[in-house]
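Here's the letter readout for the chains.
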Amino acid sequence: MPDSARPRPVILRLPPDVVNRIAAGEVVERPAAAVKELVENALDAGARNIAIAIEEGGLKRITIEDDGCGLSADDLSIALERHATSKLIPDADGRVDLLNIHTMGFRGEALPSIASVSRMKLVSRAAGEAAAEIYSEAGRIEGPKPAAFTGRSETGTRIDVADLFHATPARLKFMRGERAEALAVTDVVKRLAMANPGTGFTLENNGRNVLRYAPEFEDEAGRLARLGAIMGREFSDNAIAIDADRDGARLSGFAGLPTLNRGNAQMQFLFVNGRPVKDRMLIGVVRAAYQDFLARDRHPMLALFVELEAEEVDVNVHPAKTEVRFRDAASIRGLMIGALRHGLAGAGHRASTTVAGFALGRAQPEAGQSGLLWQAPVSSAYRPVSLPRGPYVPDTAPAARFEAPQHPPQMAEFPLGAARAQVHETYIIAQTADGIVIVDQHAAHERLVYEAMKRQMEDGGVRRQALLIPDIVEMNEDEAGRILDRADDLGALGLEVEAFGAGAICVRATPALFGEMDTAGLLRDLADDFAEYDAGLALKERFEEVMGNMACRSSVRAGRRLNGEEMNALLRQMEATPHSGQCNHGRPTYVELKLADIEKLFGRR
């Protein structure tokens, strides 16, 4: 048919039920979204206890019961109308400021959207009012009418949503399995519980209790207790308090020590004015703050809360209100990075207690071993042997070196104690006032060298030591070219290099911090690193990474024997150096075992 013969399209108004189902597709994409909207309504109503129950992942039934202020019969009659809300109040001129929102919800879309695709019953009672109920099936409304209210308090609301998406069966084809939907609901409830420690939450799935959080005090201790209940006790035991403000914005919350890390970023949470949000900015912020402490494939645990004037953040950028837009995103980003770095600096040489806990757990005898970690084979040739009299003489095998205690008694009062031995020429054993400390000498020295390099860079450049006889390093031309292209930047790091014919590098000076070092190995490693960098990227943008790699390759290696003075000097430096509890890759530099825990291993407690 020719274009001129086509009928002209006519604009029509869609029926209300179609409008609601379209809105439901944006707001209620799955059961977890429905739970989120209904729980946020309960929070806006001032609820102190919220009970959630789901069946078959929320597709068969969702029940939300709260002890909030409740709704009157008159409110119920318009609660299921689109864009009807109690949360946006017009001013004297009838205007509503959408940039001045102080509630979780404000669109007035959740209830009518859910009602349009399900069978929903809403029972509520407000103070001084009789209880009433309203029923909706796929948008057809019955009520309100008087009802019996059996809530947990004198006021509150109970919403029962059955057969979600029964009015739009095509949507059910896109739902995941029951388990996946139930996990999504659990995640939503956890995030809302983290943001509201003063409210109690319970969640049941198919009649089985999944979550139960009692109300906490609305202070720092209460917030940490709620975070520990959700993120695990190991987080609350190893969390650093974060508290900073800038230009009217305040950042609070808790961040885990670098040695407490995960293989993904699922344990990183951001809340803006009490609202759980997902913002890609958080990934960059965390990476920038922890770049000195973690490898790129490891992720710390944290929960951050941003509070600022409502006018400074736009929450009306996503139908599900899971994203926000800051008016000054750069300032918020700087605030978060600065606060995290300051908090980590305050942790000093502290390392995660999970490291010691893991070590103790591996030392426990396995079941069925009768408490024995090793049992000698039974032999008929066994004969009792009498122990020789006299003082004990330690074994002088190369794998373990014993240092006679020549330290003053008060040295054990230092946080990392006094060195007593070196084991396998890799680990330093130190005695503290109430336990022992095991130090990985390579990881510890790597952090010390790196921090010293950073300080010298801030003072104008890493100090270098000239070589009496320059080192000539043979490389292929590509590798040599990559090194020479960065020669000026490497000079700022204390490594002075120049060309020495085709495929050769002359090293005239090395960082004074390193002492004797394998310059050939270092240059080859750096050439491999530079091959992964963008050709136009200045090395100063990767200084931290390059310094970390140089520190790693030039620090005290495993297998080097240390005497008592050297071991104690290393311990004292660790105590005086920030972030010395972990190496540049996030691994712990030491493990502390308390005497009480050791005594438990031997049945003394």
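Residues numbered from 1 in each chain as written. Predicted model: local features only at pLDDT ≥ 70, side-chain atom pairs only at ≥ 80, totals over all residues. Heavy atoms only, no water.

**Some words on the nonpolar core**
At step 1: Core analysis: the largest hydrophobic core is formed by 57 residues, its most contacted members being Val39, Ile50, Ile52 and Phe201.
At step 2: Top element by residues in this core is helix α6 (residues 178–195). It accounts for nine residues.
At step 3: Not counting residues up to four positions away in its chain, the partners in contact with Ile52 are Val35, Val39, Thr63, Ile64, Val189, Phe201, Thr202, Leu203 and Glu204.
At step 4: If you look at the next biggest cluster of nonpolar residues, it comprises 35 residues, including Leu251, Leu257, Ile337 and Ala347. (Core = buried A, V, L, I, M, F, W, Y, C linked by side-chain atoms within 4.5 Å. Buried < 20%, exposed > 50% of the residue type's maximum accessible area, 1.4 Å probe, protein only. Helix = DSSP H or I, 4+ residues; strand = E, 2+ residues; numbered from the N terminus. Contact = heavy atoms within 4.5 Å.)

**As for the sheet that holds strand β24 (residues 504–511)**
At step 1: Read from one edge to the other, the open sheet built from three strands follows the order β22-β24-β23, with strand pairing classed as antiparallel. In this open sheet, the two strands that pair with only one neighbour each are β22 (464–474) and β23 (496–499). Strand after strand, the sheet turns through a mean of 20° between neighbouring axes, direction not considered.
At step 2: Where β23 lies against β24, four bridges are found, and the strand directions are antiparallel. Counterpart to Val497 in the pairing with β24 is Val507.
At step 3: Packed on one face of the sheet, helix α13 (residues 477–485) meets β23 and β24 and runs near 40° to β24.
At step 4: Each of β22, β23 and β24 is contacted by helix α15 (residues 519–531), which is oriented at about 70° to β22, the strand it contacts most. (Pairing = 2+ DSSP bridges. Axes fitted to C-alpha atoms, helices over the stretch in contact; angles between N-to-C directions.)

**Examining the sheet that holds strand β10 (residues 249–256)**
At step 1: Strand order in the open sheet made by the five strands is β9-β10-β15-β12-β13, with mixed pairing throughout. Both outer strands of the open sheet, β9 (239–246) and β13 (275–277), are each paired with one neighbouring strand and no more. In this sheet, neighbouring strand axes are inclined to one another by 20° on average, regardless of whether the strands run parallel or antiparallel.
At step 2: α6 rests against β12 (268–272), β13 and β15 (302–307) of the sheet, and its axis sits at about 55° to β12.

**Details of the packing of helix α9 (residues 280–290) against helix α10 (residues 329–346)**
At step 1: For the pair α9 and α10, the least separation of the axes is 9 Å and the interaxial angle reads 35°. Here α9 and α10 pass one another in a crossing that is right-handed. Each of Met281, Leu282, Gly284, Val285, Ala288, Ala289 and Tyr290 in α9 lies in contact with α10, whose residues at this interface are Ala329, Ile332, Arg333, Met336, Ile337, Leu340, Arg341 and Leu344.
At step 2: When the residues that make up the contact of α9 with α10 are grouped by side-chain class, the tally is twelve nonpolar, one polar and two charged. (Left-handed = near helix turned anticlockwise from the far one by under 90°. Nonpolar A, V, L, I, M, F, W, Y, C, P; charged D, E, K, R; others polar.)

**Describing the pairing of strand β3 (residues 119–125)**
At step 1: As judged from the six bridges shared by β3 and strand β4 (residues 132–137), these two strands associate in the antiparallel manner. Opposite Ser124, over in β4, you have Ala132 as the bridge partner.
At step 2: Between β3 and the antiparallel strand that follows it, β4, lie six residues; Gly128 among them carries a positive phi value of about 75°.
At step 3: By the bridge criterion, seven bridges tie β3 to strand β6 (residues 156–162) in an arrangement that is antiparallel. Across the sheet, the residue bridging to Arg119 is Ala162, located in β6.

**Comments concerning the pattern of salt bridges**
Pairing between side chains becomes possible if they bear opposite charge and their charged atoms approach one another.
At step 1: A full pass over the atoms with the stated rule returns 24 salt bridges.
At step 2: Among the ionic pairs, Asp163 bridges to Arg119, the shortest N-O distance being 2.5 Å. In this pair, Asp163 sits in the loop between β6 and α5 (169–172) while Arg119 sits in strand β3, placing the two residues 44 residues apart along the sequence.
At step 3: Across the pair Lys594 and Asp434 runs a salt bridge, and its minimum N-O distance is 3.2 Å. (Salt bridge = Lys/Arg side-chain N within 4 Å of Asp/Glu carboxyl O.)

**Considering the packing of aromatic side chains**
At step 1: The final tally for this structure, using the stated rule, is one aromatic pair.
At step 2: Consider the rings of Phe271 and Phe305, whose centres lie 4.7 Å apart with planes at 10°: the pair is stacked. Here Phe271, found in strand β12, pairs with Phe305, found in strand β15; they are 34 residues apart in sequence, far enough to count as distant. The same class applies to Phe271 as to Phe305, namely buried.
At step 3: Over the ring of Phe305 we find Arg223; its NZ or CZ atom is 3.8 Å from the centre of that ring.
At step 4: The residue whose ring lies beneath Arg572 is Phe414, and the NZ or CZ to ring-centre distance is 4.1 Å. (Phe/Tyr/Trp six-rings, centres within 6.5 Å; stacked < 30°, edge-to-face > 60°. Lys NZ or Arg CZ within 6 Å of the ring centre and 35° of its normal.)

**Some details on the side chain of Ser118**
At step 1: Along the chain, Ser118 turns up in the loop between α4 (110–116) and β3.
At step 2: Using a relative accessible area of 0% as the deciding quantity, one classes Ser118 as buried.
At step 3: A distance of 2.7 Å separates the side chain of Ser118 from the backbone oxygen of Ile114, its partner in a polar contact.
At step 4: Ignoring any residue separated from it by four or fewer positions in sequence, one finds Ser118 in contact with Ser136, Glu137, Ala138, Val161, Ala162, Asp163, Leu164 and His166. (Polar contact = N/O pair within 3.5 Å; in protein donor to acceptor, adjacent residues only side chain to side chain.)

**What to know about unusual backbone geometry**
At step 1: You will see that Asp163, though not glycine, has its phi angle at about 55°, which is positive.
At step 2: Among the residues examined, Asp163 registers a relative accessible area of 29% and is labelled partly exposed.
At step 3: In this structure, Asn273 is a non-glycine residue whose phi angle is positive, near 50°.
At step 4: Among the secondary structure elements, Asn273 is positioned in the loop between β12 and β13.

**Topic: the environment of Glu137**
At step 1: Mapped onto the elements of the fold, Glu137 is located in strand β4.
At step 2: Setting aside anything within four residues of it in sequence, one finds Glu137 in contact with Ala115, Ser118, Arg119 and His166.
At step 3: Separated by 3.2 Å, the side chains of Glu137 and Arg119 make a polar contact.

**Things to note about the packing of helix α12 (residues 441–458) against helix α17 (residues 564–576)**
At step 1: Close contact between α12 and α17 brings their axes to 10 Å; oriented N to C, the two are set at 50°. Our classification of the angle between α12 and α17 gives oblique. Here α12 runs over α17; the crossing is left-handed. The residues of α17 that touch α12, namely those facing Gln441, Ala444, His445 and Leu448, are Leu570, Gln573 and Met574.
At step 2: A breakdown of the residues in the contact of α12 with α17 according to their chemical character gives four nonpolar, three polar and no charged. (Parallel < 35°, antiparallel > 145°, perpendicular 65-115°, else oblique.)

**Structural notes on the environment of His579**
At step 1: Within the secondary structure, His579 sits in the loop between α17 and β25 (590–594).
At step 2: Distance in space between the C-alpha atoms of His579 and Leu448 is 8.9 Å, their sequence separation being 131 residues.

**Thoughts on the confidence of the model for the chain**
Detailed reading of the predicted model is not advised wherever pLDDT is low.
At step 1: In this model, the chain carries a mean pLDDT of 79, and residues with pLDDT of at least 70 account for 77%.
At step 2: Across the chain, the element-wise mean pLDDT spans from 54 in helix α11 (residues 353–363) up to 96 in strand β7 (residues 200–205).
At step 3: In this model residues 366–397 is a low-confidence stretch, pLDDT under 50, and it forms six contacts with partners more than four residues away in sequence or in other chains.
At step 4: Throughout residues 534–538 the model reports pLDDT below 50, and contacts reaching past four residues in sequence, or to other chains, amount to five contacts. (pLDDT = per-residue confidence, 0-100.)

**Here we look at helix α7 (residues 220–231)**
At step 1: Its twelve residues give α7 an end-to-end C-alpha distance of 16 Å, which sits within 8% of 16 Å, the value for a rise of 1.5 Å per residue.
At step 2: Listed in full, the buried residues belonging to α7 are Gly222, Arg223, Arg226, Leu227, Gly228, Ile230 and Met231.
At step 3: Gly232 occupies a position one or two residues after α7 and carries a positive phi of about 110°. (Expected span 1.5 Å × (residues − 1).)

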